[in-house]
Amino acid sequence: MTATTTEQTAAEKTGARTPEAADVITGARERIDTLDDRIIGLIQERMAVSAVIQEARISSGGRRVNLSREMEVLGHYREALGKPGTALAMTLLELCRGRV
Ligand SMILES: O=C(O)C(=O)C[C@]1(C(=O)O)C=C[C@@H](O)C=C1
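The structure presented is a predicted model; accordingly, all values stated were derived computationally and were not measured.

Definitions and limits used
- Here the residue numbers are simple positions, counted from 1 along each chain's written sequence.
- Since the coordinates come from a predicted model, pLDDT governs what is reported: local features require at least 70, and pairs of side-chain atoms require 80 or more to be given and counted, while whole-chain, interface and lining totals use all residues.
- The way it works is that DSSP assigns letters per residue, a run of H or I at least four long becomes a helix, a run of E at least two long becomes a strand, and they are numbered from the N terminus.
- In this treatment the radius of gyration is a C-alpha quantity, and the globule benchmark scales as 2.2 Å times the residue count to the 0.38 power.
- Burial is judged by counting the other C-beta atoms within 10 Å of a residue's own C-beta: 20 or more makes it buried, 12 or fewer makes it exposed, and any count in between marks it as partly exposed, with every C-beta position built from the backbone.
- In this description, any two residues whose backbone-derived C-beta atoms lie within 7 Å of each other are considered to be in contact.
- Only the C-beta atom matters for nearness: placed from the backbone, it must lie within 6 Å of the molecule or strand for the residue to count as near.
- Throughout, the ten residues Ala, Val, Leu, Ile, Met, Phe, Trp, Tyr, Cys and Pro are labelled nonpolar, Asp, Glu, Lys and Arg are labelled charged, and all others, Gly among them, are labelled polar.
- By this rule the span expected of a helix is its residue count minus one, scaled by 1.5 Å.
- Throughout, an axis means a line fitted to C-alpha atoms (over the contacting stretch in the case of helices), and angles, computed between N-to-C directions, take values from 0 to 180 degrees.
- Angle categories are assigned with fixed cut-offs, so that under 35 degrees is roughly parallel, over 145 is roughly antiparallel, 65 to 115 is roughly perpendicular, and the rest are oblique.
- It is the rotation of the near helix from the far one that decides the hand of a crossing: anticlockwise by less than a right angle makes it left-handed, clockwise makes it right-handed.

Caption draft 1: Just the overall build of the protein, in detail. The helix and strand inventory of the protein stands at 4 helices and 0 strands. Reading the protein from its N end, one meets helices and strands in the order α-α-α-α. Radius of gyration (C-alpha) of the protein: 21 Å, far over the 13 Å computed for a compact globule of 100 residues. Dimensions of the protein along its principal axes, counting C-alpha atoms only, are 65 × 30 × 20 Å. Within the protein, the fraction of its 100 residues that count as buried is 2%. Within the protein, contacts between residues separated by at least 24 positions form 38% of all contacts whose residues are at least 6 apart in sequence.

Below, the structure written as structure tokens:
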């Protein structure tokens, strides 16, 4: 690429060394972008449901956080995804807690 142009070839964008590999990667990246949009939508839906629970608990006089339930959620993700699942669940709980 020269200093005067910002256009990249498919191979440069994907890191592939052949046009065939570049096509595979470009198609798979589109699927990943679609999956990421769905995952983000599901996370936003989870945040809204979690807010309903926390609101009900707080307005009934309870606490926002329920640690025993958080342990169940962490265990669920760890069983499905291993150690990184725990980190993912902690991030999800951080996103979901304290929005009420
Ligand atoms: O299940 C609950 O009791 C919730 O409040 C939901 C939730 C969650 O987002 O999973 C959020 C906060 C609590 O500390 C525990 C879990």
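Caption draft 2: Spotlight on the site of the ligand. Residues in contact with the ligand, as listed here, are Ser 50, Ile 53, Gln 54, Val 65, Asn 66, Arg 69, Glu 70, Val 73, Leu 93, Cys 96 and Arg 97. Of all the secondary structure elements, the ones that give two or more residues to the shell around the ligand are helix H2 (19-59), helix H3 (67-81) and helix H4 (83-96). Taken together, the residues of the shell around the ligand break down into 5 nonpolar, 3 polar and 3 charged.

Caption draft 3: Structural context of H2. The end-to-end C-alpha separation of H2 is 59 Å, in line with the 60 Å expected for 41 residues at 1.5 Å each. Counting buried residues in H2 gives 1 out of 41 residues, a small share hidden from the surface. Just past H2, the residue Gly 61 takes up positive phi, approximately 100 degrees.

Caption draft 4: Representation of the environment of Arg 69 within the structure. In this structure, Arg 69 sits in helix H3. Sequence separation between Arg 69 and Gly 27 is 42 residues; the distance between their C-alpha atoms is 40 Å.

Caption draft 5: Layout of the packing of H3 against H4. The contact between H3 and H4 brings their axes to 7 Å, and the two run at 140 degrees. With respect to each other, H3 and H4 are oriented oblique. Here the hand of the crossing between H3 and H4 comes out right-handed. In contact with Glu 70, Val 73, Leu 74, Tyr 77, Arg 78, Ala 80 and Leu 81 of H3, H4 contributes Lys 83, Pro 84, Gly 85, Thr 86, Leu 88, Ala 89, Met 90 and Leu 93. Across the contact of H3 with H4, the residue classes break down as 10 nonpolar, 2 polar and 3 charged.

Caption draft 6: Seen up close, the environment of Val 73. On the secondary structure map, Val 73 appears in helix H3. Given 17 C-beta atoms within 10 Å, Val 73 falls into the partly exposed group. Each C-alpha atom, one on Val 73 and one on Ala 89, is 6.9 Å from the other, the two residues being 16 residues apart in sequence. Each residue touching Val 73, except ones within four places of it in the same chain, is listed here: Ala 89 and Leu 93.

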